[in-house]
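Coordinates in review
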Amino acid sequence: MLCDGLVIAPSTPADEAAIFDVERDAFGRDDEARLALALMAAPAWTLSVVARRRDRVIGHVLLTEIGAPVRAAALAPLAVAAPYREMQVGSRLVADALERARQAGFEAVFVLGDNLYYERFGFSAALATPFAVEWQGPHFMALELVPGALAGKAGRLDYPPAFFAAA
Ligand SMILES: CC(C)(COP(=O)(O)OP(=O)(O)OC[C@H]1O[C@@H](n2cnc3c(N)ncnc32)[C@H](O)[C@@H]1OP(=O)(O)O)[C@@H](O)C(=O)NCCC(=O)NCCS
């Protein structure tokens, strides 16, 4: 089933409280909500996209620029309000954010998450293997926004400090 009346768009400062609530309720704790707001306030480039239904925020995704051998962003966190899950809201948020990042000149996106969920967008754990980060492992994945962007690349990824405060 698809969610009717869904509008996907970059968030505005007025959405911050609603973003906090959606992230907190989705994860059942404050960590990801605090991470989202901390990243949005930090100096690094971020792209915050919300899903609205009847003017209410029901989903949110954040991309943040990270230091990498190519121009790259981290996708985190992603949340959809429980009553609206399994209606492609998360998929539309991720697809929209990835396309905006591609248009902004980003070459790759990294994510730590459920492999089955993120593989549908083209994320791959194998692509992320050459990159060193504290949360490296089977659930750490990469996606090329520019085909071949990560080929032959390796090295350290530098995430903004907020990621470590939340860990
Ligand atoms: C994960 C989450 C964002 C998915 O949002 P959603 O709007 O329900 O996702 P979609 O409707 O776009 O799902 C698309 C597909 O992914 C599948 N899917 C949903 N959640 C999944 C999960 N956690 N793991 C694997 N597959 C999942 C759906 O079954 C659906 O499959 P289909 O296309 O074959 O029917 C949402 O469940 C959520 O907010 N969860 C709590 C917070 C969280 O875990 N965030 C992600 C951290 S990595």
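Numbers given to residues run from 1 along each chain, matching the order in which its sequence is written. The predicted nature of this model means local features are confined to residues of pLDDT at least 70 and side-chain atom pairs, given and counted, to a pLDDT of 80 or more, with totals for whole chains, interfaces and linings taken over all residues.

**Considerations on the site of the ligand**
- Nearness here is judged by the C-beta atom: place it from the backbone, and if it falls within 6 Å of a molecule or strand, the residue counts as near that partner. Residues in close proximity to the ligand total 16 residues, the closest being R85, G90, S91, G113 and Y117.
- For the purposes of this entry, the term helix denotes a DSSP run of H or I that reaches at least four residues, the term strand denotes a run of E that reaches at least two, and both are numbered from the N terminus. Within the residue set of the shell around the ligand, elements represented by two or more residues are helix 1 (16-27), strand 4 (72-80), helix 3 (89-103) and helix 4 (115-119).
- Polar here means any residue outside two lists: the nonpolar Ala, Val, Leu, Ile, Met, Phe, Trp, Tyr, Cys and Pro, and the charged Asp, Glu, Lys and Arg; Gly therefore counts as polar. Here the residues of the shell around the ligand sort into nine nonpolar, four polar and three charged.

**Observations concerning the sheet that holds strand 5 (residues 108-112)**
- DSSP calls a pair of strands paired once it identifies at least 2 bridges connecting them. The strand order across the open sheet formed by six strands is 1-2-3-4-5-7, and the pairing between neighbours is mixed. Each of the sheet's edge strands pairs with one partner strand only, and the pair in question is strand 1 (6-10) and strand 7 (140-144). The mean angle between the axes of side-by-side strands here comes to 25°, regardless of whether they run parallel or antiparallel.
- Pairing of strand 3 (residues 56-66) with strand 4 involves seven bridges; the strand directions are antiparallel. Only the stretch in contact is used when a helix axis is fitted, and all axes are lines through C-alpha atoms; the angle between N-to-C directions ranges over 0 to 180 degrees.

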